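Here's the letter readout for the chains.
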Amino acid sequence: MLQVGDMPEPEPEAGQELVRVEAGGLNFADIMTAKSGYPGAPKPPLIAGREFSGVRASDGQRVMGYRQWAAFAERVAARRELLWPVPGGWSMEEGAAFPVNYFTAYLAYWKAGLLASPKTRGGSGARVLIQAVAGGVGTAAMEIGKVLGIEMYGTSSSAEKLARAKELGLQHGINYKQVDYEEAIKESTGGEGVDAVFEMLGGEHTVKSVRCLRDFGRVIVYGSATGQPSQLDTRVLYAKGASVHGLWLTYLSAKRELMREAWDQLSGWIDQGRLRPVIGSVFPMERVAEAYGQLSEGKNFGKIVLRMG
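A brief report on the enclosed structure follows. If you're wondering where the values come from, they're calculated on a predicted model, not measured in any experiment. (Residues numbered from 1 in each chain as written. Predicted model: local features only at pLDDT ≥ 70, side-chain atom pairs only at ≥ 80, totals over all residues. Heavy atoms only, no water.)

Its volume calculated, the largest pocket comes out at about 1100 Å³. Looking at the largest pocket, it is lined by 49 residues, and the ones nearest its centre are F28, A132, M200, Y222 and A225. The set of elements that each furnish at least two residues to the lining of the largest pocket consists of α1 (28-34), α3 (99-111), α4 (136-148), β7 (151-156), α7 (205-211), α8 (249-252), α10 (288-296) and β13 (303-307). Here the lining of the largest pocket is built from residues that sort into 24 nonpolar, 19 polar and six charged. (1 Å grid on protein atoms, 1.4 Å probe; cavity = no way out; pocket = protein on both sides within 12 Å on 5 of 7 lines; lining within 4 Å. Points joined across faces, edges and corners; volume = space filled by probe spheres on them. Helix = DSSP H or I, 4+ residues; strand = E, 2+ residues; numbered from the N terminus. Nonpolar A, V, L, I, M, F, W, Y, C, P; charged D, E, K, R; others polar.)

The way to describe two aromatic rings as a pair is by their centre distance and the angle between their planes. For the structure on display, the rule yields eight aromatic pairs. Between the aromatic rings of W84 and F103, the centroid separation amounts to 4.8 Å while the plane-to-plane angle is 35°, which identifies the pairing as tilted. Residue W84 is found in strand β5 (residues 83-85), and its partner F103 is found in helix α3; the two are separated by 19 residues along the sequence. We note that W84, like F103, is buried. (Phe/Tyr/Trp six-rings, centres within 6.5 Å; stacked < 30°, edge-to-face > 60°. Buried < 20%, exposed > 50% of the residue type's maximum accessible area, 1.4 Å probe, protein only.)

Tracing the backbone shows G37 in the loop between α1 and β2 (51-56). Sequence separation between G37 and G227 is 190 residues, and the spatial gap between their C-alpha atoms is 9.1 Å.

Before going further, it helps to examine the nonpolar core. Of all hydrophobic cores here, the largest spans 52 residues; its most connected members are F98, F103, Y109, I130, I144 and F198. Of all the secondary structure elements, the ones that give two or more residues to this core are β3 (62-66), α3, β6 (127-130), α4, α5 (159-167), β9 (194-199), α8 and α9 (256-271). Counting residues per element, this core draws most heavily on α3, at eight residues. Ignoring anything within four residues of it in the chain, the contact list for I144 reads Y102, A105, Y106, Y109, L266, W269 and L275. In this structure, V19, F52, F72 and Y292 belong to the second largest nonpolar core, which totals 20 residues. (Core = buried A, V, L, I, M, F, W, Y, C linked by side-chain atoms within 4.5 Å. Contact = heavy atoms within 4.5 Å.)

The structure is reproduced here in structure tokens:
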């Protein structure tokens, strides 16, 4: 009988490196893939996983990486330009929690036009609303927003999560189970709104996010955690000159220069000690169903990581 350890090493193609995986980060994309609902992914059965950390076979260096699927394996062949060194002092779990969340959050600020200057056109400080602020992308967006000097608003389901989020730099927490976040934004900003909303819920929340914007604001859509398609009548954009932008890391990861620029900036902040992944839970692979359940039910704060082996 063929054992897992007897499986042949995957053969890297040109431009790829072989990595022995030690940990993998869990994302909503993995849940959607398991339900055959993620664009471009093969139908199950398949090996899931979009980000990982491990040891590069060619030189023994600790690396973290990104790929479209098959990260939750003993060994992966990954594109060389989508492998980055695990920073000194970081655990393998922290390395596995980095690629999807931090590149997504960074590129959301890029799409929102808030990287070069945290000032709005009127000269006042920029404001961002981060939906699901306690999740993996949310916690990454808070850390980056703090570096940029952005005034941050965030939604979550509990006072406990919002209290922890404020420790990461969130100034304004909104418990969406107690108040309507659209009304909360209107009240707390004097009816003016925010410059950008990072939106990953879908359904009615896309148009609600648009209504949270001030003049020339942007909604950056990077997911649909509710499983519902966005409900958006584009006429709602007219009054404030607002816009809605899509962000899909699957697509942007193929843009080598963009990813290189993003890593140059992110790695600089890491070296300064200003970024470090927030790990909510670590599960061994034999408890993978429990890990998927925790993420599906929104019980995590920060990243859920799977430990291989």
